[in-house]
Amino acid sequence: MRVLTTARSDFLSRLAMLPGLGDEIARGLYFLRPLTGEQIREVIVRPAAAKGVTYESEALIDSLVAQTEHAPGGLPLLQFTLAELWDARDVAARTIRAAPLATLGGVGGALTRHTDRLLAGLRDDERDAVRRILLRLVTAQGTRTRRSEAELLTRGAERDAERTALEVLIRGRVVVGNNAQDGAYEIAHEALLTSWPTLQGWLHSGAASRAAQERVEQAAASWQRMDHATDLLWGRRQLAETRLLDRDRLAAHEIAFLGASATAIRRRRFLGATAAAMIVVGVLIAGLAIRARAQRALDAVVADQTLAARTAQDSARRVASERDVTRNHAFGLFDSYHWGEGEDAWRKVEELASQEEQLYRAASAHLESALLLDPTRAGVREWIADLTLDRFGRAQRDRRHELADELAARMTTYDDGRHSRELRADARVDLAVAPVGTRVWCERLDGSRELVGRAPLSTLLLPPGSLVLSFEVPGHVPARLPILLTHGELRRRPRECSTCRPAGSCSVARTAPSSGEGISRPRRCTRSGPRPTSSRATRSRLANGSSSWSRSHARSAASALRRSTRSPPSRSPSSAPGGGSSP
């Protein structure tokens, strides 16, 4: 006895995996290739010729052949199209004409248009029944499957509409009964699964629920076959996928399977909660001990960081104090024209400045590490803000503008608002000016000039930057005082300041701020002889801003003072600032 079996090519790999059948398939395999154009022509022409029917033209036959070759699953579509053309033939002329083919929409559209016409003639409830029946006849993998009448028709109020829909599908040759006595049905044409847009939309919209229903069906069948084995019941995640399923459309054994799974989950959850409570108590005790130990370790690390920061900050302040003393000493040497000794002292100042910056950076790094380890540590953020403000003041005094901008930006990260007001505050200048009535003007680099008051003066609030204070009294030579101010309050010790003298001498007393900012020490300027040229350290001091006098202001003051020694008291007002005495 010989057995001839046919199978689709996309199912061949599944058949080869069946035990005992894979070797037989490998030996007896024969591929049935698609029909060629001439063979398709014979399929179209010969059955009609056997009945004495001809086609209207060769162009109609060529169109059928071409559409069949290019359509996916062309042979089933051609079969349906030829059946429709046969029903629409001209019986009297025994001819198949081209007009019915155009009405059908060609080989590719004949089946879909026919099925859409069937749906259009149904009521809404019957159309919904068609959708449910067709979806049950398609697997989760998108292939046809067989279902019995009991599986297709529910037991609820929708059963009558489903039976009517099934009869319409059978009469319309969309569904066929392959085994009438058992009542098994399947979709007639595979092309409906790929070329009918309506069914494609139903498949895509209900793909998740159909896949879940198929998994429930397979799991319930295995559970029933294995005599309700508890190890085959589903877990919580698997049951969660069935929440959207309609339980009225499930079989009795499927509902029983889901109920048994839910009961088993509740039992396991109760036992698990009891065991978890006991474990939690033990873990809580151990966790508290571990947390306390970890907190102690963290406190120790943070303490080490803060101690290192404190040490570095104290060292930086000591170096800063030493640098200030050495700096003032270097200025004194330059002012007394001891250039060589001043150069040596200034090199020491630069070395101390480098050490100070390294120590301040180390302190900041230690504090930021402590804050990163424990962001809730009280006082660390304020400490960083205070340290940054100290560094900002030192950077401004040294005219290191890039560093000052960097520190000001960092201040916004750590400051709570206390220091931002200081960064925006004007500078305060206290001057004691004589004689009474002396007018004090404030001149800026852009040439603007503003009267700030008359002697005696109260505390002046001046904007930060490079300014020139000009002192004028009628009948006297004006005196000009260049200053360079920074943000924040500058406290000064007021001294007597004789601003304007008759021709022959002029002295300007300047007060030094407590922070070392702004104004150099008092000195008398007389025309007693030529001044020595400044050395390299002096030029560096002026260019880097180590002295409060900028280079242009220093030249301006010296020029004004030299002119004052030569000018008579009756000099015209044109020598006042803005009238030719400024550089």
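Treat the numbers as computed from the prediction; the structure is a model and nothing was measured.

## Concerning the pattern of salt bridges
- Going through the model one piece at a time under the given rule, you end up with 28 salt bridges.
- By sharing partners, the salt bridges in this structure join R323, D324, E356, R394, R397 and D398 into a single network.

## Observations regarding the nonpolar core
- In this structure, Y55 and L134 are the most contacted members of the largest nonpolar core, which totals 46 residues.
- Leave out the neighbours within four places in its chain, and L134 touches L169, V175, I187, W196, L199 and W202.
- Counting residues in each nonpolar core, the second largest holds 20 residues, with Y360, L371, I384 and L407 among its members.

## Some points on the pairing of strand β8 (residues 439-444)
- Judged from the five bridges that link them, β8 and strand β9 (residues 449-454) form a sheet pairing that is antiparallel. In the strand pairing of β9, E443 is matched with R449.
- As consecutive antiparallel partners, β8 and β9 are separated by four residues, and within that stretch G447 has a phi angle of approximately 95°, a positive value.
- As judged from the six bridges shared by β8 and strand β11 (residues 465-472), these two strands associate in the antiparallel manner. By the bridge assignment for β11, W441 is matched with S470.

## Some details on the packing of helix α3 (residues 37-50) against helix α4 (residues 58-70)
- As a packed pair, α3 and α4 sit with axes 9 Å apart at the nearest point and diverge in direction by 120°. Of the possible angle classes, the one that applies to α3 and α4 is oblique. In the crossing of α3 with α4, the sense of the turn from one axis to the other is right-handed. Note on element contacts: α4 touches α3 through E58, I61, D62, L64, V65, T68 and E69, opposite G37, I40, R41, I44 and V45.
- Classifying every residue of the contact of α3 with α4 by side-chain character gives six nonpolar, two polar and four charged.

## Comments concerning the packing of helix α16 (residues 339-373) against helix α17 (residues 380-397)
- Look at α16 against α17: their axes get within 10 Å of each other, and the N-to-C directions meet at 160°. Viewed along their axes, α16 and α17 adopt a mutual orientation that is roughly antiparallel. For the element pair α16 and α17, the recorded crossing hand is left-handed. Contacts between α16 and α17 pair E356, E357, Y360, R361, A363, S364, L367, E368 and L371 from the former with V380, R381, W383, I384, L387, R391 and R394 from the latter.
- Tallied by class, the residues present in the contact of α16 with α17 amount to eight nonpolar, one polar and seven charged.

## Some points on a nonpolar patch on the surface
- A cluster of nonpolar residues, L35, V43 and L75, forms a patch on the protein surface that exposes about 210 Å² of accessible area.
- Within the element layout of this structure, V43 appears in helix α3.
- Accessibility expressed as a relative area gives 35% for V43, which makes it partly exposed.

## Some details on the sheet that holds β9
- If you walk across this open sheet you meet the four strands as β9-β8-β11-β12, and the pairing is antiparallel. Each edge of the open sheet carries a strand with a single partner, namely β9 and β12 (479-485). Strand-to-strand twist in this sheet, taken as the mean axis angle between neighbours without regard to direction, amounts to 25°.
- One ladder, built from seven bridges, connects β11 with β12; its direction is antiparallel. Looking across to β12, one finds that F471 is bridged to A479.

## Observations concerning the packing of aromatic side chains
- Under the definition given, this model contains six aromatic pairs.
- An aromatic cluster is built from W223, W234 and F257, whose rings are joined through pairwise contacts.
- Across the ring face of W86, the terminal group of R89 is positioned such that the distance to the ring centre comes to 3.9 Å.
- The ring of W441 is capped by R449, whose NZ or CZ atom sits 4.0 Å from the centre of that ring.

## Quick notes on the side chain of R480
- Structurally, the position occupied by R480 is in strand β12.
- The exposure class of R480 is buried, given its relative accessible area of 9%.
- A polar atom in the side chain of R480 sits 2.8 Å from the side chain of E443.

## Let's talk about a positive patch on the surface
- Among the surface-exposed residues, R236, R237, R243, R266, R267, R268 and R269 lie close enough to one another that they form a single positively charged patch.
- Of all the secondary structure elements, the ones that give two or more residues to the positive patch are α14 (236-240) and α15 (252-335).
- Considering every element that reaches the positive patch, the biggest residue donor is α15, with four residues.

## A word on the side chain of R323
- Along the chain, R323 turns up in helix α15.
- Look at R323 and you get buried, because its relative accessible area is 4%.
- Within the structure, the side chain of R323 is placed 2.7 Å from the side chain of E356, a separation counted as a polar contact.
- Apart from residues lying up to four places away in sequence, R323 is in contact with V349, L352, A353, E356, R394, R397 and D398.

## Thoughts on unusual backbone geometry
- Here the amide bond leading from A434 into P435 is cis, since omega sits at 0°, within 30 degrees of zero.
- Counting through the fold element by element, P435 comes out in the loop between β7 (432-434) and β8.
- Residue P456 is reached from A455 by a cis peptide bond, and omega for that bond is 0°.
- You will see that R173, though not glycine, has its phi angle at about 60°, which is positive.
- Inspection of the secondary structure puts R173 in the loop between α10 (159-171) and β4 (175-179).
- A relative accessible area of 33% means that R173 is categorised as partly exposed.
- A positive phi angle, close to 60°, is found at R399, a residue other than glycine.
- Mapped onto the elements, R399 comes out in the loop between α17 and α18 (401-414).

Criteria and cut-off values
Residues numbered from 1 in each chain as written. Predicted model: local features only at pLDDT ≥ 70, side-chain atom pairs only at ≥ 80, totals over all residues. Heavy atoms only, no water. Salt bridge = Lys/Arg side-chain N within 4 Å of Asp/Glu carboxyl O. Core = buried A, V, L, I, M, F, W, Y, C linked by side-chain atoms within 4.5 Å. Buried < 20%, exposed > 50% of the residue type's maximum accessible area, 1.4 Å probe, protein only. Contact = heavy atoms within 4.5 Å. Pairing = 2+ DSSP bridges. Helix = DSSP H or I, 4+ residues; strand = E, 2+ residues; numbered from the N terminus. Axes fitted to C-alpha atoms, helices over the stretch in contact; angles between N-to-C directions. Parallel < 35°, antiparallel > 145°, perpendicular 65-115°, else oblique. Left-handed = near helix turned anticlockwise from the far one by under 90°. Nonpolar A, V, L, I, M, F, W, Y, C, P; charged D, E, K, R; others polar. Patch = residues over 30% accessible without salt bridge, like charges linked within 9 Å, V, L, I, M, F, W, Y side chains within 5 Å. Areas by Shrake-Rupley, 256 points an atom, 1.4 Å probe, with all protein chains shown as cover. Phe/Tyr/Trp six-rings, centres within 6.5 Å; stacked < 30°, edge-to-face > 60°. Lys NZ or Arg CZ within 6 Å of the ring centre and 35° of its normal. Polar contact = N/O pair within 3.5 Å; in protein donor to acceptor, adjacent residues only side chain to side chain. Lys, Arg positive; Asp, Glu negative; His and termini not counted. Charge placed at Lys NZ, Arg CZ, Asp CG, Glu CD.

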